[in-house]
Amino acid sequence: MNWEQLLSLKKAGDTNKRLRKEQNATRLGFEVDYDRIIFSSAFRSLQDKTQVIPLSKTDFVHTRLTHSLEVSVVGRSLGRLAGQKILEKHPQLEKTHGYQMNDFGAIVAAAALAHDIGNPPFGHSGEKAIGEYFSNGNGRRFRELLTAEEYEDLTKFEGNANGFKILTEDKPGIPGGIRLSYATLGAFIKYPKESLPHKPTARIADKKFGIFQSEKAFFEEVANELGLISSGSGKNLSYYRHPLAFLVEAADDICYTIIDFEDGINLGLIQEEYALEYLINLVKDSIITKKYHNLQTRADRLSYLRALAINTLLTEAVEIFMDNEEAILKGEFHEALFDRSKYEAQITDIIKISIDKIYQSEEVISKEIAGYQMLSHLLDTYTAALLPENGKQTNYNKLVLKLIPEAHHFEDLGVYDKLIKICSYISSLTDSKIVSLFKKFKGLKI
């Protein structure tokens, strides 16, 4: 892979090549990507989607929206620091093509801003609820009507693939979705492969999948424009990552490791003194002990340690990235950046505590159980209306169809496209909207 292709400004539908040196300095293409994401309805819905605690009533716990904003801030710093070093190593990018350090920051920030945009309500349990509806629930009735790849898309429903769908799906009068640059789309796709074969290798890019069958053709266009290296065999679509996807992943890893941990402390799920000890272990090389002990409140102590921890991991991530830049460009680097971290033991300890004390707390589990039931019922209701078993619509189903926005756009679609589209629609709903619809369909709310 080469940076000239990887930094492509091309967007869906372009007929002429976009050159970096011809860009309007006040409205750069990569910065436009960020703006388009932040003004999208899909991004706004993240304000009422779970990050740690579903339907939390406290005002300081992170939602998917605040998490995404923080990841984008960390991503921007990672991109700029890496961009500065990349330009020093490849000066022709600046001299010949006009790329600047901030371009890398803008690409990573935009991709990081969108990294959770396809996640269903109720966190990762929402993905599992959709998948299990088709593998073990009433959705099994569609198995014989789908190809193996189409059925895998549904039974292993993946928020990353749904995010790519949201960002690129054609809408009436709006081809190409919100039309992001191909460089940003490339950085966004952490798992550049289709759903089958399932986890074919131990490479980090094969851990999950990032492309539904419905977006397969467009993804191939993006991959070819960016010069991504194919890693698949036969008919199965699989590529090595865009290098900047490693920085997007690192930004997410930094934020959920440190900030979810902080939420757990603020919620009282993790004892402060116990937790602070783990954070101090991570920043022991940079902490100013006197300053730390002069801080009077828990919030101030946490804030200080959080800032040091993020800076520590941010600096190291860029070092690891640049040390392995050549291998990454050749498609020969197959780990997350922090798998090479000298702080791996500390990071692992913090994540283990978060899993035990936060993600598996009674409050989280009880709400996730309710989320399973609600999502399954909505899938039952919508699939019955769109694909009635006997081919005949009941009056109830006709009423349900009227509640689906732009339901007429489903009319000419095949079985797979209807199913993946309705799953994507349900995924776009907020936690509170799912609760409201469930109550309406159950007759518990007028």
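- Looking at an unreviewed UniProt entry, one finds the protein named Deoxyguanosinetriphosphate triphosphohydrolase and attributed to Salinimicrobium tongyeongense.

**A few points about the environment of Ile254**
Argument step 1. If you trace the backbone, Ile254 turns up in helix α12 (residues 243-266).
Argument step 2. Ile254 sits in the buried class, given a relative accessible area of 0%.
Argument step 3. Along the sequence, Ile254 and Phe338 sit 84 residues apart, while their C-alpha atoms lie 9.2 Å from each other.
Argument step 4. Setting aside residues up to four positions removed in sequence, Ile254 forms contacts with Val74, Ile259, Ile310, Leu313, Leu314 and Phe338.

**Here we look at a positive patch on the surface**
Argument step 1. A cluster of like positive charges, contributed by Lys433, Lys439, Lys440 and Lys445, occupies part of the molecular surface.
Argument step 2. Counting through the fold element by element, Lys433 comes out in helix α21 (residues 431-441).
Argument step 3. By relative accessible area, Lys433 is classed as partly exposed at 35%.

**Looking at empty space enclosed by the protein**
Argument step 1. Here the structure, examined in full by the defined rule, presents 2 cavities of 30 Å³ or more.
Argument step 2. The calculated volume of the largest cavity comes to roughly 70 Å³.
Argument step 3. If you go around the largest cavity, the residues you meet are Met1, Arg203, Ile204, Ala205, Tyr240, Arg241, Phe246, Ile328, Gly331, Phe333 and His334.
Argument step 4. Class assignment of the residues belonging to the lining of the largest cavity gives a composition of 7 nonpolar, 2 polar and 2 charged.
Argument step 5. By volume, the second largest cavity amounts to about 30 Å³.
Argument step 6. For the lining of the second largest cavity, a count of residues per class yields 5 nonpolar, 2 polar and 1 charged.

**Observations regarding unusual backbone geometry**
Argument step 1. Residue Leu196 is joined to Pro197 through a cis peptide bond whose omega torsion reads 0°.
Argument step 2. By the element assignment, Pro197 lies in the loop between α10 (182-188) and α11 (216-226).
Argument step 3. Despite not being glycine, Lys199 has its phi angle at roughly 45°, a positive value.
Argument step 4. By secondary structure assignment, the location of Lys199 is in the loop between α10 and α11.

**Quick notes on the nonpolar core**
Argument step 1. Trp3, Leu244, Phe261, Phe321 and Leu337 are the most contacted members of the largest nonpolar core, which totals 97 residues.
Argument step 2. Broken down by element, this core gets its largest block of residues, 13 residues, from helix α15 (residues 298-323).
Argument step 3. In contact with Leu244, not counting residues within four places along its chain, are Trp3, Leu7, Phe104, Ile107, Val108, Ala187 and Phe321.
Argument step 4. Leu379, Ala385, Tyr425 and Phe438 belong to the second largest nonpolar core, which has 37 residues in total.

**Brief notes about the layout of surface pockets**
Argument step 1. Size it by volume and the second largest pocket reaches roughly 850 Å³.
Argument step 2. Breaking the lining of the second largest pocket down by element, the ones donating at least two residues are α3 (41-44), α9 (159-168) and α20 (415-428).
Argument step 3. Looking at the lining of the second largest pocket residue by residue, the classes come out as 13 nonpolar, 8 polar and 7 charged.

**Notes on α20**
Argument step 1. The end-to-end C-alpha distance of α20 is 20 Å, a good match for the 20 Å that 14 residues give at a rise of 1.5 Å each.
Argument step 2. Taken across its 14 residues, α20 has 10 buried, putting it largely inside the fold.
Argument step 3. Turning to α20, its buried residues are Tyr416, Lys418, Leu419, Ile420, Ile422, Cys423, Ser424, Tyr425, Ile426 and Ser427.
Argument step 4. Residues of α20 that are buried make contact with α7 (123-135), α8 (148-155), α9, α18 (362-386) and α21.

**Quick look at the packing of α7 against α18**
Argument step 1. Here α7 crosses α18 at 45°, and the two axes come no closer than 9 Å. Judged by the angle between their axes, α7 and α18 are oblique. Between α7 and α18 lies a crossing whose hand is right-handed. Together, Ser125, Gly126, Lys128, Ala129, Ile130, Glu132, Tyr133 and Phe134 of α7 and Glu368, Tyr372, Leu375, Ser376, Leu379, Asp380 and Thr383 of α18 make up the contact between the two elements.

**A short note on the pattern of salt bridges**
Close approach of charged atoms allows side chains with opposite charge to pair.
Argument step 1. Scanning the entire structure with this criterion turns up 18 salt bridges.
Argument step 2. The partner of Lys11 in a salt bridge is Asp33, with the nearest N and O atoms 3.6 Å apart. Taken together, the positions of Lys11 in the loop between α1 (3-6) and α2 (29-38) and Asp33 in helix α2 put the pair 22 residues apart, joining distant regions of the chain.
Argument step 3. The class for Lys11 is buried, based on a relative accessible area of 4%.
Argument step 4. By relative accessible area, which is 0% here, Asp33 ends up buried.
Argument step 5. Each of Lys165, Glu169, Glu215 and Lys421 takes part in one network of salt bridges that share partners.

**Here we look at the packing of aromatic side chains**
Argument step 1. Summed over the entire model, instances satisfying the criterion amount to 11 aromatic pairs.
Argument step 2. Between the aromatic rings of Trp3 and Phe104, the centroid separation amounts to 5.7 Å while the plane-to-plane angle is 75°, which identifies the pairing as edge-to-face. With Trp3 in helix α1 and Phe104 in helix α6 (residues 101-113), this pair connects stretches of sequence that are 101 residues apart.
Argument step 3. Residue Trp3 is classed as buried on the basis of its relative accessible area, which comes to 2%.
Argument step 4. Members of the aromatic cluster, joined through ring pairs, are Phe164, Tyr182, Phe218, Phe219 and Tyr239.
Argument step 5. Here the guanidinium or amino end of Arg241 rests over the ring plane of Tyr191, the centre of that ring lying 5.7 Å away.

Parameters and conventions
Residues numbered from 1 in each chain as written. Predicted model: local features only at pLDDT ≥ 70, side-chain atom pairs only at ≥ 80, totals over all residues. Heavy atoms only, no water. Helix = DSSP H or I, 4+ residues; strand = E, 2+ residues; numbered from the N terminus. Buried < 20%, exposed > 50% of the residue type's maximum accessible area, 1.4 Å probe, protein only. Contact = heavy atoms within 4.5 Å. Patch = residues over 30% accessible without salt bridge, like charges linked within 9 Å, V, L, I, M, F, W, Y side chains within 5 Å. Areas by Shrake-Rupley, 256 points an atom, 1.4 Å probe, with all protein chains shown as cover. Salt bridge = Lys/Arg side-chain N within 4 Å of Asp/Glu carboxyl O. Lys, Arg positive; Asp, Glu negative; His and termini not counted. Charge placed at Lys NZ, Arg CZ, Asp CG, Glu CD. 1 Å grid on protein atoms, 1.4 Å probe; cavity = no way out; pocket = protein on both sides within 12 Å on 5 of 7 lines; lining within 4 Å. Points joined across faces, edges and corners; volume = space filled by probe spheres on them. Nonpolar A, V, L, I, M, F, W, Y, C, P; charged D, E, K, R; others polar. Core = buried A, V, L, I, M, F, W, Y, C linked by side-chain atoms within 4.5 Å. Expected span 1.5 Å × (residues − 1). Axes fitted to C-alpha atoms, helices over the stretch in contact; angles between N-to-C directions. Parallel < 35°, antiparallel > 145°, perpendicular 65-115°, else oblique. Left-handed = near helix turned anticlockwise from the far one by under 90°. Phe/Tyr/Trp six-rings, centres within 6.5 Å; stacked < 30°, edge-to-face > 60°. Lys NZ or Arg CZ within 6 Å of the ring centre and 35° of its normal.

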